[in-house]
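Topology and contacts: notes
Residues per chain, in single letters:
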Amino acid sequence: MQNIQHDAEVVAVATLLHDVTLNEDFAGPRRFEVEGADLARTFVREGGFDERRAQLIWDSVALNSTPSIGLYKEAEVALCTAGICLDVVGLQYSLVSSAEIAKIIGEFPRLGMKRRMTRCFCHIAEIRPETTYDNFARDFGERFVSGYKATSAVDLVMNAPFEE
């Protein structure tokens, strides 16, 4: 995504705050993305952002780990999502020169990010498995957390309280 008109301040603030609740102390009760989005929106409202910009930040934070939606939202949400996905999973890594990647990592070292994120996602899967059935944490729970069992979307549909 290049040459897209956007509010740079919204993208910057949302990017900085996108994982405010992704830590080993997270306790919920809702998905970490929603808890973080609410905190980010409150923070920017108190800082004078109007409702439209505050909502763009909420969407950016809430959808940062759901690129199948975030990449198709407003420019600010899509750019925030694309940048986070580049950082976390290497989305469109080949579009950035190796010199530019080296420069970025030189200024902003990764500091064991994969290991630290794994601990955080596993923590969420352990203490709030009900919030993980449709996000990144589910995959970490399934791979690394003994006894982890997330809600299945199939079970939700089959157990819906409607007669047919």
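An account of the accompanying structure is given in this report. (Residues numbered from 1 in each chain as written. Predicted model: local features only at pLDDT ≥ 70, side-chain atom pairs only at ≥ 80, totals over all residues. Heavy atoms only, no water.)

Quick look at the overall build of the chain
Counting secondary structure elements, the chain contains 9 helices and 0 strands. When the elements of the chain are put in sequence order from the N terminus, they spell out α-α-α-α-α-α-α-α-α. For the chain, the spread of C-alpha atoms along the principal axes amounts to about 55 × 35 × 30 Å. The buried share among the 164 residues of the chain stands at 38%. Look at the contacts in the chain between residues 6 or more apart in sequence, and 48% of them connect residues 24 or more apart. Carbon and sulfur atoms make up 56% of the accessible area of the chain, which totals about 10,300 Å². A distance of 5 Å separates the average location of the 17 positive side-chain charges in the chain from that of its 25 negative side-chain charges. (Helix = DSSP H or I, 4+ residues; strand = E, 2+ residues; numbered from the N terminus. Buried < 20%, exposed > 50% of the residue type's maximum accessible area, 1.4 Å probe, protein only. Contact = heavy atoms within 4.5 Å. Areas by Shrake-Rupley, 256 points an atom, 1.4 Å probe, with all protein chains shown as cover. Lys, Arg positive; Asp, Glu negative; His and termini not counted. Charge placed at Lys NZ, Arg CZ, Asp CG, Glu CD.)

Considerations on the pattern of salt bridges
Scanning the entire structure with this criterion turns up 14 salt bridges. The salt bridge partner of Arg-41 is Asp-38, with a shortest N-O separation of 3.4 Å. Linking Arg-41 with Asp-38, this pair stays in helix H2 (residues 32-46), spanning 3 residues, or about one helical turn. Among the ionic pairs, Arg-110 bridges to Asp-87, the shortest N-O distance being 3.0 Å. Note that Arg-110 is positioned in the loop between helix H6 (98-107) and helix H7 (113-127) and Asp-87 in helix H5 (residues 75-89), a separation of 23 residues in sequence. Relative accessible area serves as the criterion here: at 30%, Arg-110 is assigned to the partly exposed category. Take Asp-87: its relative accessible area is 38%, and that puts it in the partly exposed class. Each of Arg-30, Glu-35, Asp-38 and Arg-41 takes part in one network of salt bridges that share partners. (Salt bridge = Lys/Arg side-chain N within 4 Å of Asp/Glu carboxyl O.)

Topic: the environment of Glu-100
Structurally, Glu-100 can be placed in helix H6. Take Glu-100: its relative accessible area is 37%, and that puts it in the partly exposed class. Residues Glu-100 and Phe-162 lie 62 residues apart in sequence; the distance between their C-alpha atoms is 55 Å.

A look at the packing of H7 against helix H8 (residues 136-144)
Interhelical geometry of H7 versus H8 gives an angle of 90° and a closest axis separation of 8 Å. The pairing of H7 with H8 is recorded here as roughly perpendicular in orientation. Across the interface between the two elements, Thr-118, Phe-121, Cys-122, Ile-124 and Ala-125 from H7 touch Phe-136, Ala-137, Phe-140, Gly-141 and Phe-144 from H8. (Axes fitted to C-alpha atoms, helices over the stretch in contact; angles between N-to-C directions. Parallel < 35°, antiparallel > 145°, perpendicular 65-115°, else oblique.)

Topic: the nonpolar core
By size, the foremost hydrophobic cluster in this structure holds 18 residues, and its most contacted members are Val-13, Val-44, Phe-49 and Ile-57. Looking at this core, the elements with two or more residues in it are helix H1 (8-17), H2, helix H3 (51-62) and H5. With 6 residues, H3 is the single largest residue contributor to this core. With residues up to four places along the chain from it excluded, the contact list for Phe-49 reads Glu-9, Val-10, Val-13, Val-44, Ala-54 and Ile-57. The next biggest cluster of nonpolar side chains, apart from the first, holds 15 residues, and it includes Phe-26, Met-113, Met-117 and Ala-125. (Core = buried A, V, L, I, M, F, W, Y, C linked by side-chain atoms within 4.5 Å.)

Take it as geometry only, folks, not as evidence of what the structure does.
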